[in-house]
Amino acid sequence: VPLERFSAAWRESYVSGEEVKAHARDEGTCVFCALGAEEVSAESGVLWRSELSYVVLNAFPYGSGHLLVLPRRHVATLGEMTAEEYGDFAGVWRLAAAALEAAYRPDGLNLGMNLGQAAGAGIPKHLHAHVLPRWSGDTNFMTSVGETRVLPESLAATWAKVHHHLGA
Ligand SMILES: [Zn+2]
């Protein structure tokens, strides 16, 4: 599979360069730090919180069930994470993948990270991993209408479905 096609599943083109600069300067303006402090709720989109990590719906999903898994601390690289943080993060990432399998029974999953702006990260200063369910022949999974991408289910419906299977 060409790398370009593979990584298209979690491209982050929805965030403009200006927004990246505004949000990623430091912890005080970081949208992912702010989300990490939110309660688990359909309103916040946060699905799960551990002591060191959290899972949130991607507000601009590639497809239904597109989740982000993040360390709660503002770190940009894997190397900045402590062993404890990385272990927690990896465990929560696995939980998220299992919840998607249970909730959607997909044919496959994409799991990936874009580290740094050059790699396609929309918010490069706060590391985040993607998980999303895939189906055979799902190139038509989302219909494009001009620039608007139409999802087959609402974010609230996705939240309820995945939250149920995270077994919180
Ligand atoms: Zn942050």
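The paragraphs below set out a description of the structure included in this document.

The rules behind these values
Residues numbered from 1 in each chain as written. Predicted model: local features only at pLDDT ≥ 70, side-chain atom pairs only at ≥ 80, totals over all residues. Heavy atoms only, no water. Donors = N, O, S within 2.8 Å, 3.2 Å for Na, K, Ca; no water. Tetrahedral: all angles 85-135°; square planar, octahedral: opposite > 155°, others 65-115°. Helix = DSSP H or I, 4+ residues; strand = E, 2+ residues; numbered from the N terminus. Buried < 20%, exposed > 50% of the residue type's maximum accessible area, 1.4 Å probe, protein only. Phe/Tyr/Trp six-rings, centres within 6.5 Å; stacked < 30°, edge-to-face > 60°. Salt bridge = Lys/Arg side-chain N within 4 Å of Asp/Glu carboxyl O.

**So, the coordination of the zinc ion**
Moving on, step 1. Those protein atoms acting as donors to the zinc ion are Cys30 (SG), Cys33 (SG), His74 (ND1) and His126 (ND1), and they sit at 2.0 to 2.4 Å.
Moving on, step 2. Classification of the site at the zinc ion as tetrahedral follows from its four donor atoms and the range of 103 to 117 degrees in their angles at the metal.
Moving on, step 3. All donors to the zinc ion come from one chain, and their sequence spacing reads C-x2-C-x40-H-x51-H. With a gap of 96 residues between them, Cys30 in the loop between helix H2 (17-23) and helix H3 (31-36) and His126 in the loop between strand E4 (108-113) and strand E5 (129-134) connect regions that are remote in the sequence.
Moving on, step 4. Relative accessible area serves as the criterion here: at 0%, His126 is assigned to the buried category.

**Details of the packing of aromatic side chains**
Moving on, step 1. What the rule picks out here adds up to three aromatic pairs.
Moving on, step 2. Relative to Trp135, the ring of Tyr104 has its centre 6.1 Å away and its plane inclined at 80 degrees; by these criteria the two rings are edge-to-face. With Tyr104 in helix H4 (residues 83-104) and Trp135 in the loop between E5 and strand E6 (143-145), this pair connects stretches of sequence that are 31 residues apart.
Moving on, step 3. For Tyr104, a relative accessible area of 10% gives the class buried.
Moving on, step 4. Among the aromatic side chains, those forming a connected cluster through ring pairs are Tyr86, Phe89 and Trp93.

**Observations concerning the pattern of salt bridges**
Moving on, step 1. Evaluated as defined, the whole model comprises two salt bridges.
Moving on, step 2. Notably, a salt bridge pairs Arg73 with Glu85, separated by 2.6 Å at the nearest N-O pair. One end of the pair, Arg73, is in the loop between strand E3 (67-71) and H4; the other, Glu85, is in helix H4, with 12 residues separating them in the sequence.
Moving on, step 3. Look at Arg73 and you get partly exposed, because its relative accessible area is 39%.
Moving on, step 4. Classification of Glu85 as buried rests on a relative accessible area of 6%.

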